[in-house]
Amino acid sequence: MIFVSYSLSTKGRQMILLTLLGLFILGNNVYGCNIPTRHYTTMKCVPMEINKSGCPSRFECPSLTNHDNSKCYFNGKTYVLNEQVPQELVSPYCSALCYCRSGSPFAQFRCTHIDCAEFFHRFDYENCIRTYKPNSCCSSGSVCGDDKKKLAECTTNDESYLAGQRMHPSSDKCLTCICHSGFNETNITNDPNCYESICGFELFYAKHVYNGGAPVYYGDRCCPWEWRMPKDSDRLANDKTNEKVKDSTLQCKYGKLTMSVGDSLVPEVTDQYTYKCSCQIPPLAQCTMTKNNKE
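Residues numbered from 1 in each chain as written. Predicted model: local features only at pLDDT ≥ 70, side-chain atom pairs only at ≥ 80, totals over all residues. Heavy atoms only, no water.

Concerning the state of the cysteines
Point 1. With the rule as written, the count across this model stands at 13 disulfides.
Point 2. Each sulfur of the disulfide joining Cys174 and Cys222 lies 2.0 Å from the other. Disulfide Cys174-Cys222: torsion about the S-S bond near 95°, hence right-handed. Highlighted residues: Cys174 in the loop between strand 11 (166–167) and strand 12 (175–178) and Cys222 in the loop between strand 14 (214–218) and strand 15 (226–228), separated in sequence by 48 residues. Taken individually, Cys174 and Cys222 each receive the classification buried, so the pair is uniform in this respect.
Point 3. Between the sulfur atoms of Cys252 and its disulfide mate Cys279 the distance is 2.2 Å. Every disulfide takes its handedness from the sign of the S-S torsion; for Cys252 and Cys279 that torsion is 70°, giving right-handed. You can see Cys252 sitting in strand 16 (residues 251–254) and its partner Cys279 sitting in the loop between strand 19 (273–278) and strand 20 (286–291), a full 27 residues away along the chain. The two residues Cys252 and Cys279 agree in class, both being buried. (Disulfide = S-S within 2.5 Å. Helix = DSSP H or I, 4+ residues; strand = E, 2+ residues; numbered from the N terminus. Buried < 20%, exposed > 50% of the residue type's maximum accessible area, 1.4 Å probe, protein only.)

The following block contains the structure:
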């Protein structure tokens, strides 16, 4: 594991405190913000001016505004060329040996994909289950037959699981829990077998994240499903040229467009999905993706 030593100014320490406070507020949904902000909290952006709706009016994102094209960014940390991300942070994505390498227009991570042994063997799903450990990619083992019948059971989302299986509690879509004896969904924040998902988009989509893309949320997924790049055909649904907010910090820059809070694009409809993009919490525009109903 590589440690980077650095000193912080008073302002730097204040930014860290604000970040931690913001993550606590947003992560625990104290104020009830119903706008997805996982892309901001993943990048450790700083929430500013919490409003009455419980959402920040904007975020400050050093990795965006002070981006160094010769460095890589992941989960709030900066990596220099050839520096490797600790394995425990990338293993949930079935990745290993992720390191920062130079690229055009900017540095990006390069990772090795992990192929789990169970991917290459038939599995008796009727009589066996695979078991997992927190933050793992591959299973740690399997339980079959009479031993399976002795396992403790857990229930969440009206579904039953057995000890060792992974599950996603309905109370927090950003948590993954490993079923175990005594599991209590009302106390998952203190359960060592429950862990928060770290979104991996900075590992795999840096050229979208840091080149003007907008996060796309789909269904009840915790992390952005993909990143949408601006298109020449993009245009505002309602032209508010004369109503633009003068404060640039309350605007989203998306391609050739400058969007004020509340502005949205004309929806993009593909064969399968509809994309709706808007400026909700600057500085990034964000989108939702819904599947088209086909009669």
